[in-house]
Structure formats: C-alpha cells, structure tokens
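Next come the chains, spelled out residue by residue.
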Amino acid sequence: MGGQDSYEFLRLDLEDNKSYVRVVNAAQYLEMRRKGAEPFSTYDITMDSWFENIVPALVFSKHSSASNRRSYPSITTKIA
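Small disclaimer: the values here were computed from a predicted structure and weren't measured.

J.: Mind showing me how you'd approach the environment of T46 here?
T.: Position of T46 relative to the elements: it lies in helix 2 (residues 42-63). Looking at T46, the relative accessible area reads 52%, which means it is exposed. Put simply, T46 and F9 are 37 residues apart on the chain and 8.9 Å apart in space, counted from C-alpha to C-alpha.

J.: Can you walk me through the nonpolar core in this structure?
T.: The nonpolar side chains of a soluble globular protein tend to be buried with one another. Membership of the largest hydrophobic core is limited to ten residues, which are F9, L10, V21, V23, A26, Y29, M32, A37, F51 and V55. Of all the elements in the fold, those that place two or more residues in this core are strand 1 (8-11), helix 1 (26-34) and helix 2. Broken down by element, the residue count for this core peaks at three residues, all from helix 1. Residues within four places of A26 in sequence aside, it is in contact with F51, V55 and L58.

J.: In this structure, what is going on with the environment of S61? I would like to understand it.
T.: Assignment of secondary structure puts S61 in helix 2. Given a relative accessible area of 43%, S61 falls into the partly exposed group. Of the polar contacts made by the side chain of S61, one reaches the backbone oxygen of L58; its length is 3.0 Å.

About the thresholds
Residues numbered from 1 in each chain as written. Predicted model: local features only at pLDDT ≥ 70, side-chain atom pairs only at ≥ 80, totals over all residues. Heavy atoms only, no water. Helix = DSSP H or I, 4+ residues; strand = E, 2+ residues; numbered from the N terminus. Buried < 20%, exposed > 50% of the residue type's maximum accessible area, 1.4 Å probe, protein only. Core = buried A, V, L, I, M, F, W, Y, C linked by side-chain atoms within 4.5 Å. Contact = heavy atoms within 4.5 Å. Polar contact = N/O pair within 3.5 Å; in protein donor to acceptor, adjacent residues only side chain to side chain.

Following this line, the structure appears as structure tokens:
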C-alpha cells in the first residue's frame, strides 16, 4: 500500500502524513486511541475495523475468570 506498513494505520496528527504510529497488539491499539490517534484513509479505516471488532472480546477475556458454579448437576450427584 504505497510503502505503508500494515501495522501503521493510526495517525496522531491527521494533518501530518508522517505521524503514523505502529500498532501490533490490542494494548498498543488502546493506548494510541487514548492518546488521540485515528485512522485517516480508507485503508487505515479498514485496518482499524479489525481492531474495533476483536479488542472488546480480548479485553473481556482478560478481565474474566472461570465460573465456580454450574447450571447442571454433577455426574457424581445421584438423580432421584
């Protein structure tokens, strides 16, 4: 894409063509978005949409834990 790296799709300054930041993982993506980085071109928006779709699930899984309860009886429980 015109020499653009596939990990560089967010700009800190939309007026500066050289203000692209490298984003490799969800943590970097969230940090750069908090700092105000945004996609600019249609290519950038397309790449950004991948992160917009997957990051919420990754954040959820990071903060979740296995359940200690179950909604079905244990195999060892006698059913009358």
